[in-house]
Amino acid sequence: MQDQIEQLVARALEELAGTPAADLDDWRRRYTGRSGELTGILRGIGKLSAGERPLAGQLANAARQRLESAFEDRKTVVEAESSADVEAIDVTLPGYRPVVGGLHPVTQTLRDIRRVFANIGFRAVDSPEVEWDEYNFEKLNIPRDHPARDMWDTFFVDNPDRPGEMLLRTHTSPAQARVMEQTDPPIRIITPGRCYRYEDVDASHEATFFQVEGLAVDTNITMADLRGTLEYFARALFGEDRRIRIRGSYFPFTEPSCEAEMSCHVCGGDGCRVCGRTGWIEMLGAGMVHPDVLEGVGYDHRKYSGFAFGMGVERIAMLRYGIDDIRHFYRNDLRFLRQFN
Ligand SMILES: [Zn+2]
């Protein structure tokens, strides 16, 4: 009987050592429970002789106590282990830094341009990217057979109801006509937006790009107002020392038309690689609104006059940041884009 008990205890303890929390109650039932093995041995004591009984009883009770206390120990260990799993989340560890996006350099430039013009009372106006030929060309003094149409290579949009009349705007100028049709002077607006041209892409041309058009119409608006506005803009974006010079150019919707140049913001006018050693940088095209355009939207050109200008936002961004290839903007190369955040 003694051997039997010792073997049972040894087997039970060995098994207990590897028992997980979920199986602990099952172990207890099999060994010390009401129909467990040790309980069975205890019941057998009654059949022993009176001389053997006391010793067997002591052994069996000692075995029971050993198993019960081993059970409690095991239970404590297993519970400690499972709560250790929960505490394995170390709240003092530094977290992962979330990836923070940044504004695209063209977006940053566009916002700065809007802010600069907002400061002198120019309201930003939105206008459709899919346009009618009428607004993109005709109302801007560019009829169908006009040779100036060659200046804008156009993406046309299929429209069965009005074939050949729907297109992706080639400039933001259509907004001029749309605003003037709906508003009486005085007008001071800018029209920032995306434009499309069917063009070969190279270091200075993209098929899609952003433009900001500006328009001011009122009584007694002169070329001097245009010049002052552009000088203010150049100084606000490129530094207080910038100067402006204007030379003749041609656009169908302005008369006279001009190109505005600013003194080089890199060399200050002495001549460098950026300005091609001339000291001057081409900034934008501009001019006085053509009388035909004013008449076309129902304004009396003898009473009102105005100026308009249009700039490529990518070009302004390239000048600001010293970027030499417009294609960098739309390659989505993070090594490039991260430099601006
Ligand atoms: Zn220079």
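Residues numbered from 1 in each chain as written. Predicted model: local features only at pLDDT ≥ 70, side-chain atom pairs only at ≥ 80, totals over all residues. Heavy atoms only, no water.

Outline the packing of helix 1 (residues 2-17) against helix 2 (residues 24-31), listing residues and values.
Think of two packed helices as two axes; the pair is described by the angle between the axes and how far apart they sit. Look at helix 1 against helix 2: their axes get within 11 Å of each other, and the N-to-C directions meet at 175°. Comparing the axis directions of helix 1 and helix 2 gives the class roughly antiparallel. Contacts from Leu8, Arg11, Ala12, Glu15 and Leu16 of helix 1 reach helix 2 at Leu24, Trp27, Arg30 and Tyr31. Class assignment for the residues of the contact of helix 1 with helix 2 results in six nonpolar, no polar and three charged. (Axes fitted to C-alpha atoms, helices over the stretch in contact; angles between N-to-C directions. Helix = DSSP H or I, 4+ residues; strand = E, 2+ residues; numbered from the N terminus. Parallel < 35°, antiparallel > 145°, perpendicular 65-115°, else oblique. Contact = heavy atoms within 4.5 Å. Nonpolar A, V, L, I, M, F, W, Y, C, P; charged D, E, K, R; others polar.)

How would you explain the packing of helix 5 (residues 105-118) against helix 10 (residues 313-321) if you had to name every residue and give the values?
At their nearest, the axes of helix 5 and helix 10 sit 9 Å apart, and the two run at 100° to each other. Between helix 5 and helix 10, the angle falls in the class roughly perpendicular. Together, Pro105, Val106, Gln108, Thr109, Leu110, Asp112 and Ile113 of helix 5 and Val313, Glu314, Ile316, Ala317, Arg320 and Tyr321 of helix 10 make up the contact between the two elements. Each residue belonging to the contact of helix 5 with helix 10 can be placed in one class, and the counts come to eight nonpolar, two polar and three charged.

So what's going on with the packing of aromatic side chains? Residues and values would help.
Scanning all chains against the criterion turns up 13 aromatic pairs. Between phenylalanine 117 and phenylalanine 233 the ring centres are 5.1 Å apart and the planes differ by 15°, which places this aromatic pair in the stacked class. Of this pair, phenylalanine 117 sits in helix 5 while phenylalanine 233 sits in helix 8 (residues 223-238), and the two are 116 residues apart along the sequence. For the pair shown, phenylalanine 117 and phenylalanine 233 are each scored as buried. Taking 6.2 Å as the distance between ring centres and 20° as the angle between the ring planes, the aromatic pair formed by phenylalanine 251 and phenylalanine 253 counts as stacked. With relative accessibility at 16%, the residue phenylalanine 251 sits in the buried group. Its relative accessible area of 8% is what places phenylalanine 253 among the buried residues. Feature note: the residues Phe117, Phe122, Phe233, Phe307 and Phe309 constitute an aromatic cluster, connected by ring pairs. A cation over a ring is seen here: arginine 162 above tryptophan 132, with NZ or CZ 3.6 Å from the ring centre. The aromatic ring of tyrosine 135 is capped on one face by arginine 178, whose charged end is 4.2 Å from the ring centroid. (Phe/Tyr/Trp six-rings, centres within 6.5 Å; stacked < 30°, edge-to-face > 60°. Buried < 20%, exposed > 50% of the residue type's maximum accessible area, 1.4 Å probe, protein only. Lys NZ or Arg CZ within 6 Å of the ring centre and 35° of its normal.)

Any chance you could break down helix 3 (residues 37-44) for me, citing the residues and the numbers?
Those residues of helix 3 that sit buried are Leu38, Thr39 and Ile41. Down the axis of helix 3, the smallest arc covering the buried residues is 155°, so these residues share one side. (Arc of directions from axis to C-beta.)

Help me get a handle on the pattern of salt bridges, residues and values and all.
According to the stated counting rule, one finds 20 salt bridges in the structure shown. The closest approach of N and O atoms between glutamate 68 and arginine 64, which form a salt bridge, is 3.8 Å. Of this pair, glutamate 68 and arginine 64 both sit in helix 4 (residues 53-87), four residues apart, which is roughly one turn of that helix. On the basis of relative accessibility, which here comes to 25%, the residue glutamate 68 falls in the partly exposed class. Arginine 247 is the partner of glutamate 261 in a salt bridge, and the nearest nitrogen-oxygen pair spans 2.9 Å. Of this pair, glutamate 261 sits in strand 8 (residues 254-263) while arginine 247 sits in strand 7 (residues 244-249), and the two are 14 residues apart along the sequence. A relative accessible area of 36% means that arginine 247 is categorised as partly exposed. (Salt bridge = Lys/Arg side-chain N within 4 Å of Asp/Glu carboxyl O.)

Residue-level account of the coordination of the zinc ion, with values.
Distances from the zinc ion to its protein donors, Cys264 (SG), Cys267 (SG), Cys272 (SG) and Cys275 (SG), fall at 2.3 Å. Metal-centred angles of 105 to 114° between the four donor atoms at the zinc ion mark the site as tetrahedral. For the zinc ion, the single-chain donor residues occur in sequence as C-x2-C-x4-C-x2-C. Taking the relative accessible area as the measure of exposure, cysteine 267 reaches 18% and is therefore buried. (Donors = N, O, S within 2.8 Å, 3.2 Å for Na, K, Ca; no water. Tetrahedral: all angles 85-135°; square planar, octahedral: opposite > 155°, others 65-115°.)

Give a detailed account of the environment of alanine 175, specifying residues and quantitative values.
Within the fold, alanine 175 resides in helix 7 (residues 174-182). Judged by its relative accessible area of 1%, alanine 175 is buried. Residues alanine 175 and glycine 33 lie 142 residues apart in sequence; the distance between their C-alpha atoms is 90 Å. Not counting residues within four places of it along the chain, the set of residues in contact with alanine 175 comprises Ser127 and Thr191.

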